[in-house]
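The chain contents come next:
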Amino acid sequence: MWSGAPLRHVDAFAERGTEQIMRLHADGTPRRSIRRISGMAVRVVSDHNGGRFLQCAGTTAAQVRDLGGELAGAVDDATRRRATDGLLSTAGLVDTGNTPATDAGISVDWLAAAREGALANGADAVETRWWCRDRAYAVWRDDSLIASRTCLMWLTVSARTGTTRGSSVVAHLPAAPLTVEAAAQAGAAAAGQARRLGGAAVPRSGPTPVIFAPDAAGAFVHEVLGHALEADIAETSAMWARRTQLDLHPALSVFDDSRVPQSWEQTTVDEEGTPCGRVTLVDRGRVVGRLTDQAHARPQGAVSTGHGRRGLYSSPPIPRMRHTIVTGGSDDAVDIVADTRHGVMVLAIESADAIPAQGRFVMRVRDAVEVVDGRAGRPLTSFSVTGDLADLALLDAVGSDNAPGVLMCGRQGRWVPVSHDAPTLRLPRLTVRGRS
Amino acid sequence: MTASALELCERVANSARPGERVEVFARHVRSTLSRLRPGSDPYDQIADGWLVGVRIEAGGLAGLATGNVLSPSGLAELLVDARRSRAMAPAPVVPSAEIPPAPPALTPTPDDNLASTRDIALTTRSVLGAAEPATITAGSTHRTVLRCDSTGWTGSYTQREAQLHIRSTATGLDAAQGARIREQLSELSPADAIDEYLHSRDALAGHPVVPDRIDWILLSPLVVARVVSRLSRAFVRPQTKGRALDVGAVVSGGSPLTIVDDAGPGSGLGRAPFDDEGMPRRRTVLLSKGVVVALLGCRDAGPSTGSAYWGDWDSDITSATARCHVEPTCDDSAPVPAELPGTGIVVVDVRGFRGGFDLLSGNLEFEVAGALLRDGEFAGSARTAVVGSPDAVLGAFEHVYRHVEFYRMQGLYGGSWSLLNGSVAQL
């Protein structure tokens, strides 16, 4: 069908890695599982009827070549030869040069420390998990070969006191390595949250000023602003469509930059072999940029911003955030709370359901406290917060207390590690809905 | 392929040392996908790969390792990993009487190919019209599952699944969608998916208003399936943390709802003779008229109901639904919305979160959107929150009409048109 069609490019991707999960059950018994990943994919982009893009994925170069049998008639022999060359190059590099191996022994100490931290802070039962994703990959593109390796580790703690649960996560960052002390603090934080929620009150429903503490603010910006500006979503997002009319707080600037040591996945090249840099999404209140991969940059005649992420070799890359930074403003976080007569302060978001096409968002808050007469008060039970672009435009305070945070972000069934760095933010009118 | 792959797995299982039980599980998936998106290059994909697991039990401990290469060296590597992992793990209780006889081996007949998948997408695009701003995705999956262990148990089966999905790319309408899933590509009807898509698109057009009165709520099959996918999590036995409902608990005394997980042997989408631990799959009634009847379990969180799932990313074996749906409560077809009296919403989209569909905490709180009808007249797009206790929300179901449609959302979930009274709408 595509025989003789002008070739745009061929790229090949190969990946090899391990994932290990070690957990301590609530009764303290350990369990460990190991997963090995090895696979590769080839993509062909050719011009024919406006272009066609094809990906084959398999676990070995030979298998992908066999799958390429279905490419027969699709691309010419020269293209197939180039695809084969790329596969062999990437496969060789990953197999011989970069075989990951991680010693899981130290994780036992971290797990035990987290467990002790939770029990010492009143938890009745604790489950801790250590995750390690050690991954090497290579991209062959336009006759050049780029290799990278990432090793991500994190610890999750789930603690119970009575009938309430708390949880926390701590990641190994280049700028802040995972330590026994950090693990113990994560355990204490989970237990503290569970204890707080034990005496929580139901929030008053209706339009309410909402203060997002730094970690929650990072998650909020990630969900509401960041996703709406990932190029495949931005195509239909109200935020991108109305960007010229949208006036946000002049102190609000948002970037994505994975080269900094605070980034959970610190890298200088994306999974398409494109160098990544600092991308400005919001500049002093104006939406100005999007995150793109090759497929979404090219139709606009632009260069990819280096945000193509696969999640796994068998999935094609799509534009995803890595490390999102909200620059600090001039407001003191203490003053932001003090200036709030009645509202809620969100400490942790459980999940979010943004509806970019309508500019709306719905978030489930896991941990929050009431704010009365400028003071943080009673803890609140889980509740939802909804809003839209008009509410976002009312953002009236940007703190100066930036703090980092991490989360696993899922889109289209692909979970990737992301991090953020944000200060306290206040939105004076979001709709809070708690169950009475 | 099946015979040689199975032979390889058996060789590994038979390498068990004295006192060891070695289980080998292998799943081969070959899938094709073709996507047509306005303003972008057409996209085709073929993926072909294995998920392989080796599990070892010995001396009261069990170990697990997974990988994605089915080769002698790859399996040997996993065997070493599993033995290393075993040193850290407690053993599950496995009553030997529950180990079933091996089912007959099936031979896969891979006939779905990229060209056929692409044809379905192109036909749908042609019928829908080139100007319609919608992404069309067609796909087919051919899955072969092999399992054997050192007790001599061996089994295999194949499953096929074809999907067609249409989703709006118009600003403000990204929730408008239509989908169909069948066993074979040839069974897919673009017309059915297009009908569902157009219905959804028209219902969501325009900025949604919040109505001041709701007498009834009519949920589409897709929405019911999505609600079931969330609610069903409370019927899965926890392994190491979390909770599940108690068998015999009354979730909603006045509810007519019956929720079933039915992936047992037989013909039909998503059916299989055994689960990912080799236990027989079966039909399990989870909720009957608002009362919890059974929970889904695997050997690690037993008793097993044949619901073990060996996932792709988190390598633990967990319990999971395989083919869960709400059973119809009547033999009637869905009503014509325009003939329903008063004011109501024909719901084609549901929004919520993990905590908003929690039968355990009693927290049911989600948002629905669709077409507002006032005395039979279309009055625009509307949305409303549905909030209440499980008793109130599940008790609000008045009719679940016949003809269950299944959708793929990680697992397979099914639903049919369902009518609720409007008392649970929070205006």
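This structure is a prediction, so every number in the text was calculated from the model and none was measured. (Residues numbered from 1 in each chain as written. Chains lettered and ligands numbered in written order. Predicted model: local features only at pLDDT ≥ 70, side-chain atom pairs only at ≥ 80, totals over all residues. Heavy atoms only, no water.)

Novice: Looking at this structure, how should I read the overall build of chain B?
Specialist: Along the backbone of chain B there are six helices and 22 strands. Since a compact globule built from 427 residues should have a radius of gyration of about 22 Å, the 23 Å found for chain B is in line with a globular shape. Projected onto its principal axes, the C-alpha positions of chain B cover 75 × 50 × 35 Å. In chain B, which comprises 427 residues, the proportion classed as buried is 60%. When contacts within chain B are restricted to residue pairs at least 6 apart in sequence, long-range pairs at least 24 apart make up 69% of them. Carbon together with sulfur atoms contributes 52% to the accessible area of chain B, which is approximately 15600 Å² in total. With 40 positive and 49 negative side-chain charges, chain B shows a spacing of 4 Å between the two charge centroids. (Helix = DSSP H or I, 4+ residues; strand = E, 2+ residues; numbered from the N terminus. Rg over C-alpha atoms; globule rule 2.2 N^0.38 Å. Buried < 20%, exposed > 50% of the residue type's maximum accessible area, 1.4 Å probe, protein only. Contact = heavy atoms within 4.5 Å. Areas by Shrake-Rupley, 256 points an atom, 1.4 Å probe, with all protein chains shown as cover. Lys, Arg positive; Asp, Glu negative; His and termini not counted. Charge placed at Lys NZ, Arg CZ, Asp CG, Glu CD.)

Novice: I'm lost on the environment of B:Ser140 in this one. Help?
Specialist: Relative to the elements of secondary structure, B:Ser140 occurs in strand E4 (residues 134-149). By relative accessible area, B:Ser140 is classed as buried at 3%.

Novice: Got a minute to help me understand the interface of chain A and chain B in this structure?
Specialist: Often, the extent of an interface is quoted as the loss of accessible area upon association of its parts. Listed as interface residues are 69 residues of chain A and, on the opposing side, 65 residues of chain B. Summing the contributions of chain A and of chain B, the shared interface buries around 6000 Å²; its carbon and sulfur component is 46%. At the boundary of chain A and chain B, one finds five salt bridges. Across the pair A:Arg36 and B:Glu77 runs a salt bridge, and its minimum N-O distance is 3.7 Å. Our count for the chain A to chain B interface comes out at 13 residue pairs in polar contact (both at pLDDT 80 or more). Elements supplying a minimum of two residues to the side of chain A that touches chain B: strand E1 (7-24), strand E2 (30-46), strand E3 (52-58), helix H1 (61-67), strand E4 (125-141), strand E5 (144-161), strand E14 (342-355) and strand E15 (360-372) of chain A. Residue contributions to the side of chain A that touches chain B peak at 11 residues, all from E2(A). For the side of chain A that touches chain B, the class distribution of residues is 28 nonpolar, 18 polar and 23 charged. (Buried area = accessible area lost by both parts, 1.4 Å probe. Salt bridge = Lys/Arg side-chain N within 4 Å of Asp/Glu carboxyl O. Polar contact = N/O pair within 3.5 Å; in protein donor to acceptor, adjacent residues only side chain to side chain. Nonpolar A, V, L, I, M, F, W, Y, C, P; charged D, E, K, R; others polar.)

Novice: How should helix H4 (residues 190-204) of chain B be read in this particular structure?
Specialist: Owing to its 3.6 residues per turn, the α-helix aligns residues three or four sequence positions apart on the same side. All names here are of chain B. Here H4 spans 21 Å end to end across 15 residues, near enough to the 21 Å set by a 1.5 Å rise per residue. Every buried residue of H4 is listed here: Pro 190, Ala 193, Ile 194, Glu 196, Tyr 197, Ser 200, Ala 203 and Leu 204. Two residues or fewer past H4, Gly 206 is found with a positive phi of approximately 90 degrees. (Expected span 1.5 Å × (residues − 1).)

Novice: Any chance you could explain the confidence of the model for chain B here in plain terms?
Specialist: Low-pLDDT stretches of the model should not have their predicted coordinates read in fine detail. Residues and elements named next belong to chain B. Of the residues in chain B, 91% reach a pLDDT of 70 or more, and the chain-wide mean stands at 86. Mean pLDDT per element in chain B: strand E15 (residues 357-358) is the minimum at 76, and strand E7 (residues 216-219) is the maximum at 97. Prediction confidence for the complex, expressed as pTM and ipTM, is 0.86 and 0.79 respectively. (pLDDT = per-residue confidence, 0-100.)

Novice: Would you mind showing me how to read the nonpolar core here?
Specialist: Most often, soluble globular proteins have nonpolar side chains that are buried together. Within the largest apolar cluster, 50 residues are counted, with the highest numbers of intra-cluster contacts made by A:Phe212, A:Phe220, A:Leu225, A:Met239 and A:Leu392. Sorting elements by how many residues they give to this core places helix H5 (residues 214-226) of chain A first, with seven residues. Not counting the four nearest positions on each side in its chain, A:Leu225 is found in contact with A:Phe220, A:Met239, A:Leu248, A:Leu252, A:Val254, A:Val282 and A:Leu392. Residues B:Val347, B:Leu364, B:Val393 and B:Val424 belong to the second largest nonpolar core, which totals 47 residues. (Core = buried A, V, L, I, M, F, W, Y, C linked by side-chain atoms within 4.5 Å.)

Novice: Mind showing me how you'd approach the sheet that holds strand E20 (residues 411-415) of chain B here?
Specialist: Residue and element names in this part refer to chain B. Ordered by their spatial adjacency, six strands build an open sheet running E10-E9-E8-E13-E20-E19, and the pairing between neighbours is mixed. Edge positions in the sheet fall to strand E10 (291-292) and strand E19 (405-409), since each of these pairs with one other strand and no more. In the sheet, strand E8 (residues 258-262) pairs with strand E9 (residues 283-288) via five bridges, with the strands oriented antiparallel. Each residue of the ladder has a partner; that of Asp 261, found in E9, is Thr 284. (Pairing = 2+ DSSP bridges.)

Novice: When you look at the confidence of the model for chain A in this model, what are you seeing that I'm missing?
Specialist: Residue and element names in this part refer to chain A. Of the residues in chain A, 91% have a pLDDT of 70 or more, and the chain-wide mean is 86. In this model, residues 1-5 is a region of pLDDT below 50 whose contacts with residues beyond four sequence positions or in other chains number 20 contacts. Here residues 97-101 scores under 50 on pLDDT; set against residues more than four positions off or in separate chains, the count is 15 contacts.

Novice: Just checking my understanding: could you explain the packing of helix H3 (residues 114-128) of chain B against H4(B) for this structure?
Specialist: Axis angle and axis distance: for two packed helices, these are the angle between their axes and the distance between the axes, and together they describe the pair. Residues and elements named next belong to chain B. For the pair H3 and H4, interaxial distance at closest approach is 10 Å and the crossing angle is 50 degrees. Classified by the angle between their axes, H3 and H4 sit oblique to one another. The two elements H3 and H4 meet at a crossing, and its hand is right-handed. Judged by residue contacts, Thr 123, Thr 124, Val 127 and Leu 128 of H3 engage Pro 190, Ile 194, Tyr 197 and Leu 198 from H4. Per-class residue counts for the contact of H3 with H4 are six nonpolar, two polar and no charged. (Axes fitted to C-alpha atoms, helices over the stretch in contact; angles between N-to-C directions. Parallel < 35°, antiparallel > 145°, perpendicular 65-115°, else oblique. Left-handed = near helix turned anticlockwise from the far one by under 90°.)

Novice: What exactly am I supposed to notice about helix H5 (residues 221-231) of chain B here?
Specialist: Where burial is concerned, most of H5(B) is hidden: nine out of the 11 residues are buried. Of the residues making up H5(B), those classed as buried are B:Pro221, B:Leu222, B:Val223, B:Val224, B:Ala225, B:Val227, B:Val228, B:Ser229 and B:Leu231.

Novice: Is there a simple way to think about the sheet that holds strand E13 (residues 323-326) of chain A in this case?
Specialist: Residue and element names in this part refer to chain A. Strand order in the open sheet formed by six strands is E10-E9-E8-E13-E20-E19, and the pairing between neighbours is mixed. Each edge of the open sheet is held by one strand with a lone partner, namely strand E10 (286-287) and strand E19 (403-411). Summarising the sheet, strand E8 (residues 254-256) and strand E9 (residues 279-283) pair through three bridges and their orientation is antiparallel. Along E9, the bridge assignment pairs Val 254 with Val 282.

Novice: Explanation requested: the pattern of salt bridges in the structure shown.
Specialist: Oppositely charged side chains may form a pair once their charged atoms are brought near each other. Residue and element names in this part refer to chain B. All told, the structure shown has 50 salt bridges over all chains when counted by the stated rule. The partner of Arg 201 in a salt bridge is Asp 202, and the shortest N-O contact between them spans 3.1 Å. Given the relative accessible area of 23%, Arg 201 is considered partly exposed. The exposure class assigned to Asp 202 is partly exposed, which follows from its relative accessible area of 41%. Several salt bridges share partner residues, and in doing so they unite Arg 21, Glu 23, Arg 55, Glu 57, Arg 147, Asp 149, Glu 277 and Arg 299 into one network.

Novice: So what exactly am I meant to see when it comes to the packing of aromatic side chains here?
Specialist: Any aromatic ring pair is given by two values, namely how distant the centres are and how the planes are angled relative to each other. Scanning the entire structure with this criterion turns up eight aromatic pairs over all chains. Note on A:Trp154 and A:Trp264: the rings are 5.2 Å apart at their centroids and 90 degrees apart in plane angle, and the pair reads as edge-to-face. Taken together, the positions of A:Trp154 in strand E5 and A:Trp264 in the loop between E8 and E9 put the pair 110 residues apart, joining distant regions of the chain. Considered together, A:Trp154 and A:Trp264 belong to a single accessibility category, that of buried residues. With a centroid separation of 5.0 Å and 90 degrees between ring planes, the pair formed by B:Trp153 and B:Phe274 is classed as edge-to-face. Separated by 121 residues along the polypeptide, B:Trp153 in the loop between E4 and strand E5 (154-168) and B:Phe274 in the loop between E8 and E9 bring together distant segments of the chain. Residue B:Trp153 shares its accessibility class with B:Phe274, and that shared class is buried. (Phe/Tyr/Trp six-rings, centres within 6.5 Å; stacked < 30°, edge-to-face > 60°.)

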